[in-house]
Amino acid sequence: MICLVFEGVPLMYLEMAVGQFFRSGSVNCWSKIHPMLRGIGVGCVCVSMLLCLYYVIIIARCFLYFFNSFTATLPFTECAMEEGIELLNQTCCERSNDAANFYYWNNVLEASSGFNDVANFNWHLLGCLAFAWIIVYACVFKGVESSGKAVYFTATFPYSALIPLL
């Protein structure tokens with residue numbers, strides 16, 4: 001938190017101010033200040049790319065839970081002991097009574113027992129990841145015009161979804 005307050009926020013304000021002054025992206029702004037500072041801009045772009053990948057993966061998992069919630073009983077409310085699930089996972093689920101954790105590791109991630117045991121490919125999660133990237137692309141392919149319209153939906157949808165629940 002200390003690094004965020006004393007380093008992250010001032011660097012963000014500095015980058016925004018310099019970017020507005022030079023009217024260019026992160027890499028070009030720092031290289032206009034001094035050519036040796038170009039690495040700061042490249043680092044900012046790399047961090048932004050990694051954060052984008054991270055958030056899209058989280059969105060894909062949210063879509064997977066959303067699509068799996070359209071069943072009569074929610075799949076993550078009970079431990080579904082299927083054939084092929086290892087005894088270790090069964091005892092962990094029975095011992096902790098944490099069905100959501102069991103569902104996350106065995107159905108969402110389809111995690112194997114270790115590096116030596118290669119599990120099957122998770123096609124459901126790949127489909128949700130592709131869908132999440134399509135949604136991200138649809139939001140940003142026209143630039144600010146389409147992003148502004150997407151904000152109208154994302155800002156009002158939670159309220160319209162929560163009002164019927166009151």
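Residues numbered from 1 in each chain as written. Predicted model: local features only at pLDDT ≥ 70, side-chain atom pairs only at ≥ 80, totals over all residues. Heavy atoms only, no water.

1. Looking at the confidence of the model for the chain
So, point 1. The predicted model of the chain has a mean per-residue pLDDT of 80, with 86% of residues at 70 or higher.
So, point 2. Here helix α4 (residues 87-96) stands out as the least confident element of the chain, with mean pLDDT 53; helix α3 (residues 38-68) is the most confident, with 91. (pLDDT = per-residue confidence, 0-100. Helix = DSSP H or I, 4+ residues; strand = E, 2+ residues; numbered from the N terminus.)

2. Remarks on the environment of Cys52
So, point 1. With respect to the helices and strands, the residue Cys52 is situated in helix α3.
So, point 2. By relative accessible area, which is 31% here, Cys52 ends up partly exposed.
So, point 3. The spatial distance from the C-alpha of Cys52 to the C-alpha of Val136 is 9.8 Å, given a sequence separation of 84 residues. (Buried < 20%, exposed > 50% of the residue type's maximum accessible area, 1.4 Å probe, protein only.)

3. Description of the nonpolar core
So, point 1. Of all hydrophobic cores here, the largest spans nine residues; its members are Val56, Ala60, Phe63, Leu64, Tyr103, Val108, Leu125, Cys128 and Ala132.
So, point 2. Every element with two or more residues in this core is listed here: α3, α5 (99-108) and α6 (123-140).
So, point 3. Broken down by element, the residue count for this core peaks at four residues, all from α3.
So, point 4. Residues within four places of Phe63 in sequence aside, it is in contact with Cys128, Phe131, Ala132 and Ile135. (Core = buried A, V, L, I, M, F, W, Y, C linked by side-chain atoms within 4.5 Å. Contact = heavy atoms within 4.5 Å.)

4. Quick notes on helix α1 (residues 2-22)
So, point 1. End to end, α1 covers 30 Å across 21 residues, agreeing with the expected 30 Å (1.5 Å per residue, within 8%).
So, point 2. By the largest-angle criterion, Gly8 marks the main kink of α1, which is about 30°, and a proline, Pro10, follows within four residues.
So, point 3. Phi turns positive, to about 55°, at Arg23, one or two residues after α1. (Expected span 1.5 Å × (residues − 1). Bend = angle between axes of the 7 residues up to and from the residue.)

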